[in-house]
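Each chain, written out:
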Amino acid sequence: MRYSLGFVLALSLAGLQFVAIFVVVSTSYLSSERAMLKLARGLMEDAGANAVEHTKRFLEPAAETTEQAKRVLNSGLVSTTDRETMERYFFQLLQTEPQLAGINYGDEAGNFVYVMKSDGPGPYRTKFITIEDETRSVDFIWRSKDYSIVEQSTDPADAYDARTRPWYIEASALGSRIWTDPYIFFSSQQPGITVAAPVVFPSGALQGVIGVDIEISDISVFLSDLRVGDNGAALILNQDGSVLAHPDPDQIKVLNEDGTLSFANINDIDDPISRAAFANIDRADGSTGELQSNFSYQDDAYLGLFSPITGIDLPWTIAVYAPEDDFIGVIKDNRARNTWIAAIISVLTALAGLTLAELILRPVRAFAVRTALVSQGEVSATEPLPKTYRELRRANKTLINEIAQRRESEATVQELNRDLAHFSRVNVMGQMATGLAHELSQPLTAITQNVDAAITTASQNPVENQDLLEILRELDEQAHQGGDIIRALRGFIRKDDGVMSEFDLRILISQTCRLMRHEAEVRSVNLEYATGDFPNVKGNRVQIAQVLINLMRNAIEAIESSNAKIRNIRIDVSEQPDRLEICVEDTGPGISKDVILFKQFQTSKAEGMGLGLSICRKIVESNGGRLWHDADVQTKTRFCFTLPIV
Ligand code: ADP
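Residues numbered from 1 in each chain as written. Predicted model: local features only at pLDDT ≥ 70, side-chain atom pairs only at ≥ 80, totals over all residues. Heavy atoms only, no water.

A. Layout of the pairing of strand β23 (residues 637-644). The buried count for β23 comes to six of eight residues, which makes it a mostly enclosed element. Judged from the eight bridges that link them, strand β21 (residues 579-586) and β23 form a sheet pairing that is antiparallel. Residue pairing across strands places C583 opposite C640, the latter belonging to β23. As paired strands, strand β22 (residues 627-629) and β23 are joined by three bridges and run antiparallel to one another. Considered in β23, the bridge of W628 is made with C640. (Buried < 20%, exposed > 50% of the residue type's maximum accessible area, 1.4 Å probe, protein only. Helix = DSSP H or I, 4+ residues; strand = E, 2+ residues; numbered from the N terminus. Pairing = 2+ DSSP bridges.)

See below:
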């Protein structure tokens, strides 16, 4: 791993944070985008419905006025032959319904009355075409609001014939109320539509046609005021694609080559977004229902809605469109801003993480370095611990204890190694001594025999050989003494096959004392033991001898260390019901307070090993007895052990 733990931690933290923020931002963006688009569709539907309602409200009075005028004329309340009354009636109707542009009546004979709103010289203008005796006269009257005449004129050149106009032809042909296709009005040059209905004689024969004109440019004015998002628009299309109403009213009229005006087609108008919106609509299957669409213009996404105007007999469609960004632009900006915030927070978090990781890791690193140095022995475990965490402090304590224990125990298997080596050397020497005793016993026997023979010979002339006899007797005594020692040694070794045997304890004590005598005498220690009749005991002779020797040697060493005046060691044997109790007592200084007896490695001696007593206790116990220090004895030191009587 090439990177530090802190770096990896900080990077992972920042990465995770970035992913988390990004996921939250994206999902909230997607859900809010969906919600906003849904809301946008709703707003557009509202705008569309609003436009539809407005259009219907705009057109309906025309239909009602037509129906009403038709009934009035049919019933004869206003006579179709009384052109003055008809003019006044039309004038009143025009004043009550502001969106009506004009009302006209033409009859089968060619007579025509037309009252319309005018730009001047008066606000209303009436046109009469009168056919009398096949003579045609055309009169114009401009009136003020109060019906007074402002100006009058005639136009003999006027060739207008209502019977040739589409509204007249359609209504008279169908015999019922009709809506014309939108067209540009002859008089006002404004786009409009006419509602027309036939007027009949009581006989049912056609008398003429009443028509009501509506200028639909007002719908364009309404559409230009309609808000669809910030940059959206609404327009009205005829089923042939001609634009009937547009927020920009100038868009809808085109001048034909013959000088007449007609409606512009959606595919030709100077409004590329509307063109794009409509290009997306496929009504090839003849469907007329509401339609939603998504289209794009210059890389911007748009929402489109097309709904037919229902409730009136007109094949018109309201088209509403708006750029998506009008509705979700804010949350798009928000998303971009949030993504930047996430990135910046992640970078800051990474930096903070790095700093934090460094702060956290610094004491850990210092601790690790110290621990490594301590374990290599380059620094003492007592060196002060660097400032670190409580957990590490605890771990360090445990570790240091472990190290200390390990060192101690290492110093101790080493000490034991030395002791074992010593033991094995002692063991080898013991074996050598055994061999030596065996080898020396024969020459010593030969010496004593020859000395005896020499004494016998010299005794034949005792006076002459007095000096010689003295030397020979001394020689004899020394040879016997040497023989005793050798025999005692051999006695130990004899029968020591590692198994229990029955033996006389007195003999073993005397042999042991014989062995230790020299060691005691050198240190001016007097060695004595009790004799008497005791039953035999059972045990391992050599092992019991080792116990006796060890107790005696401890006693000799204790006396020697104290420079005591009375330097005595005494071995007593007493008989108990089933055992013999052997006590080794000395006049030494007693047990040192620092020593715990019978515990391994407890010694008060510079050269001591502290194993003797614990081994002796084990030996005695394995021979069926018990070994203890008799603390009841004052002024003397006494160790006792028992052995089972046979
Ligand atoms: P070591 O003789 O190697 O020290 P031991 O186990 O034989 O080992 O003895 C342990 C210790 O007991 C001795 O170091 C000594 O301090 C104490 N001790 C044993 N025997 C006597 C004694 N007779 N008088 C005083 N102290 C004794």
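B. Structural context of the confidence of the model for the chain. Overall, the prediction assigns the chain a mean pLDDT of 84, with 92% of residues at 70 or greater. Looking at the elements of the chain, mean pLDDT is at its lowest for helix α8 (residues 415-458), recorded as 72, and at its highest for β22, recorded as 97. (pLDDT = per-residue confidence, 0-100.)

C. Highlighting the packing of aromatic side chains. Scanning the entire structure with this criterion turns up 13 aromatic pairs. Between Y183 and F185, the aromatic rings sit 5.1 Å apart at their centres with planes inclined by 85°, giving edge-to-face as the arrangement. With respect to burial, Y183 and F185 carry one shared label: buried. Aromatic rings pair up to connect F91, Y124 and Y147 into one cluster. Over the face of the ring belonging to Y147 we find R143, whose NZ or CZ atom lies 3.9 Å from the ring centre. Between R626 and the ring centre of W628, over which it is positioned, the NZ or CZ distance is 4.2 Å. (Phe/Tyr/Trp six-rings, centres within 6.5 Å; stacked < 30°, edge-to-face > 60°. Lys NZ or Arg CZ within 6 Å of the ring centre and 35° of its normal.)

D. Fine view of the environment of K70. Locating K70 in the fold gives a position in helix α1 (residues 5-75). Note: C-alpha distance between K70 and G211 (141 residues apart in sequence) is 9.1 Å. Leaving out residues up to four positions away in the same chain, K70 has contacts with A197, P198 and I210. (Contact = heavy atoms within 4.5 Å.)

E. Molecular detail of helix α3 (residues 166-174). Here α3 has its buried residues at W167, Y168 and A171. Along the axis of α3, the buried residues cluster in a sector spanning 95°; they form a single face. With respect to the buried face of α3, the exposed residues turned more than 90 degrees away are A173 and L174. Looking at the buried residues of α3, the elements they touch are β1 (100-107), β2 (112-117), β6 (178-179), β7 (183-184), β8 (191-200) and β9 (206-215). (Arc of directions from axis to C-beta.)

F. Region of interest: the site of the ligand. Residues in contact with the ligand amount to 21 residues; listed here are only the nearest, N554, T603, S604, K605 and L613. Between T603 and the ligand, the recorded distance is 2.6 Å, taken from a side-chain N or O atom to an oxygen atom. Mapped by element, the contributors of at least two residues to the shell around the ligand are α11 (541-562), α12 (612-622) and β23. With four residues, α11 is the largest single contributor of residues to the shell around the ligand. Here the shell around the ligand is composed, by residue class, of nine nonpolar, ten polar and two charged. (Near = heavy atom within 4 Å. Polar contact = N/O pair within 3.5 Å; in protein donor to acceptor, adjacent residues only side chain to side chain. Nonpolar A, V, L, I, M, F, W, Y, C, P; charged D, E, K, R; others polar.)

G. Spatial organisation of a nonpolar patch on the surface. A cluster of nonpolar residues, F7, L11, W340, I344, V347, L348, L351 and L354, forms a patch on the protein surface that exposes about 810 Å² of accessible area. Counting residues per element, the nonpolar patch draws most heavily on helix α6 (residues 325-376), at six residues. With respect to the secondary-structure elements, F7 resides in helix α1. Residue classification places F7 among the partly exposed positions, given a relative accessible area of 34%. (Patch = residues over 30% accessible without salt bridge, like charges linked within 9 Å, V, L, I, M, F, W, Y side chains within 5 Å. Areas by Shrake-Rupley, 256 points an atom, 1.4 Å probe, with all protein chains shown as cover. Salt bridge = Lys/Arg side-chain N within 4 Å of Asp/Glu carboxyl O.)

H. Region of the structure containing the state of the cysteines. One pass over the structure, following the stated rule, counts one disulfide. Between the sulfur of C583 and that of C640 lies a disulfide, 2.2 Å long from S to S. Residues C583 and C640 share a disulfide whose torsion about the S-S bond is about 110°; that sign makes it right-handed. Of this pair, C583 sits in strand β21 while C640 sits in strand β23, and the two are 57 residues apart along the sequence. Residue classification places C583 among the buried residues on the basis of a relative accessible area of 8%. Here C513 stays unpaired: no disulfide links it, and the sulfur of C583, its closest cysteine neighbor, is 14 Å away. Take C513: its relative accessible area is 0%, and that puts it in the buried class. Cysteine C616 remains unbridged, with the sulfur of C640 as its closest cysteine sulfur at 13 Å. (Disulfide = S-S within 2.5 Å.)

I. Geometry of the side chain of T130. Its location among the elements puts T130 in strand β3 (residues 124-132). The class for T130 is buried, based on a relative accessible area of 17%. Separated by 2.4 Å, the side chains of T130 and R83 make a polar contact.

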